[in-house]
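Observations on the three-dimensional arrangement
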Amino acid sequence: NWTMEEFISKEIKRIQTIVGPDSHVIGAVSGGVDSTVAAKLMHEAIGSRFHAILVDNGVMRLNECEQVLETLNKHLGINLTVVDASDEFLEKLAGVEDPEKKRKIIGNTFIHVFQREAEKLTAGHGKDIDYLLQGTLYPDVIESISFKGPSQTIKTHHNVGGLLDNMKLKLIEPLRELFKDEVRKLGTIMGIPDDLVWRHPFPGPGIAIRILGEVTREQVDIARRADHIFIEEIKKAGIYREISQAFAALLPIRAVGVMGDQRKYDQIIALRAVTTTDFMTADWYDFDSKFLKHVSNRIVNEVDGVCRVLYDVSQKPPGTIEFL
Ligand code: XMP
């Protein structure tokens, strides 16, 4: 039974004892609350001996990399390198439509790029990087012990295995006793902006699993701009926190529309917004019809290549939250 303040000072001391006065630590950040809170704790404990890496995989949300850099580096003072590997990811994704293949390509490419950057850091330093920071939460720990399904956490654990072995890194997981709501409290106490603390979960394979056909730069651009409008309007309406997860998906089919006196034959955006407590079951969010009308008009008018907008009214089960 501890307070959050006690947890912070205890954990910082624990990290300092483990890492010692000379060692360096690396960690990947994604812009989500877990990796950011873990990075903030690490930064408080060892300052610039912590090196955060953000891999731009080309399928993040609109302006996300810039925002993460702004918050983590400028605002929180964390030593962050943004690696633009979008060409590398998009080249490997070319021609791939199968969702599991997309996931595998993105997971493997991520590990590859991250390891390369970590080795660059080690070489450039002349000092040893001995530890890898991970923002693993308590439910992730339990899940990876009790459940061997294809969940994101288990994939993450599998993936870092390579880094731990190849680079001889040791794992530090400062959040491993905490639940999500505790991590959010911690983040708020540590001065992480509300926007980031309450951010909806975003899958590692990002927009690639929200584009139902081939992932190309053009398709990413359309999906990401539609998504941005949807989320911006949700925030403006003051309902962002009522919704557990919301996004736009881009369908690989075309339909006819008219704009002015022009006949169009363009793609279709499907909007999805759900409420859930555990992400195992979920219900669709019951928007006001005026809200949907406004979002739909904005997307069709502002996003070239889209002429229709649908709203997904599928519950989970059977419909998963993501489309792929
Ligand atoms: P589904 O679509 O299975 O999603 O109802 C449940 C939750 O898991 C997220 N999700 C993923 N997260 N990598 C991730 O990091 C993935 O491959 C992945 N697939 C689904 C999804 O966004 C939702 O929060």
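Notes on the structure follow. Here the structure is a predicted model, which is why all the values come from computation and not from measurement. (Residues numbered from 1 in each chain as written. Predicted model: local features only at pLDDT ≥ 70, side-chain atom pairs only at ≥ 80, totals over all residues. Heavy atoms only, no water.)

1. Remarks on the overall build of the protein
Along its length, the protein carries eleven helices and nine strands. Taking 20 Å as the expected radius of gyration for a compact globule of 324 residues, we find that the protein reaches 21 Å, a close match to that expectation. Over its C-alpha atoms, taken along the principal directions, the protein stretches across nearly 70 × 45 × 40 Å. The 324 residues of the protein split such that 51% are buried. Taking contacts inside the protein between residues at least 6 apart in sequence as the whole, the part at least 24 apart equals 76%. If you sum the accessible surface of the protein, you get close to 16000 Å²; carbon and sulfur atoms cover 51% of it. Separation of charge centres in the protein, based on 40 positive and 47 negative side chains, amounts to 1 Å. (Helix = DSSP H or I, 4+ residues; strand = E, 2+ residues; numbered from the N terminus. Rg over C-alpha atoms; globule rule 2.2 N^0.38 Å. Buried < 20%, exposed > 50% of the residue type's maximum accessible area, 1.4 Å probe, protein only. Contact = heavy atoms within 4.5 Å. Areas by Shrake-Rupley, 256 points an atom, 1.4 Å probe, with all protein chains shown as cover. Lys, Arg positive; Asp, Glu negative; His and termini not counted. Charge placed at Lys NZ, Arg CZ, Asp CG, Glu CD.)

2. Some words on the sheet that holds strand S2 (residues 50-56)
Paired through backbone hydrogen bonds, the strands of a sheet run either parallel or antiparallel to each other. A sheet is described by the order of its strands in space; here five strands give the open sequence S3-S2-S1-S4-S5, paired in parallel fashion. In this open sheet, the two edge strands, each paired with only one partner strand, are strand S3 (80-84) and strand S5 (170-172). Neighbouring strand axes in the sheet, compared pairwise and without regard to direction, differ in orientation by 30° on average. With five bridges joining them, S2 and S3 adopt parallel strand pairing. (Pairing = 2+ DSSP bridges. Axes fitted to C-alpha atoms, helices over the stretch in contact; angles between N-to-C directions.)

3. Here we look at the site of the ligand
Near the ligand lie twelve residues; those nearest to it are Arg-103, Gln-245, Lys-316, Ile-321 and Glu-322. Here an oxygen atom of the ligand and a side-chain polar atom of Gln-245 are 2.7 Å apart. Protein chains bury 81% of the 500 Å² of accessible surface belonging to the ligand in isolation. Along the lines of polarity and charge, the residues of the shell around the ligand split into four nonpolar, four polar and four charged. (Near = heavy atom within 4 Å. Polar contact = N/O pair within 3.5 Å; in protein donor to acceptor, adjacent residues only side chain to side chain. Nonpolar A, V, L, I, M, F, W, Y, C, P; charged D, E, K, R; others polar.)

4. A short note on the packing of aromatic side chains
Here the structure, examined in full by the defined rule, presents eight aromatic pairs. Ring geometry for Tyr-138 versus Phe-179: centroids 5.4 Å apart, planes at 70°, classification edge-to-face. On the criterion of sequence distance, the pair formed by Tyr-138 in helix H6 (residues 138-146) and Phe-179 in the loop between S5 and helix H8 (180-189) is long-range, its members being 41 residues apart. Using a relative accessible area of 40% as the deciding quantity, one classes Phe-179 as partly exposed. Residues Tyr-285 and Phe-287 carry aromatic rings whose centres are separated by 4.8 Å and whose planes lie at 70° to one another, so their mutual orientation is edge-to-face. Taking relative accessible area as the criterion, Tyr-285 reaches 13% and is therefore assigned buried. Each residue in the set Phe-230, Trp-284, Tyr-285, Phe-287, Phe-291 and Tyr-311 is aromatic and connected to the rest through ring pairs, giving one cluster. The residue whose ring lies beneath Arg-210 is Phe-247, and the NZ or CZ to ring-centre distance is 4.0 Å. The ring of Tyr-240 has Lys-235 sitting right over it, with the charged end atom 4.9 Å from the ring centre. (Phe/Tyr/Trp six-rings, centres within 6.5 Å; stacked < 30°, edge-to-face > 60°. Lys NZ or Arg CZ within 6 Å of the ring centre and 35° of its normal.)

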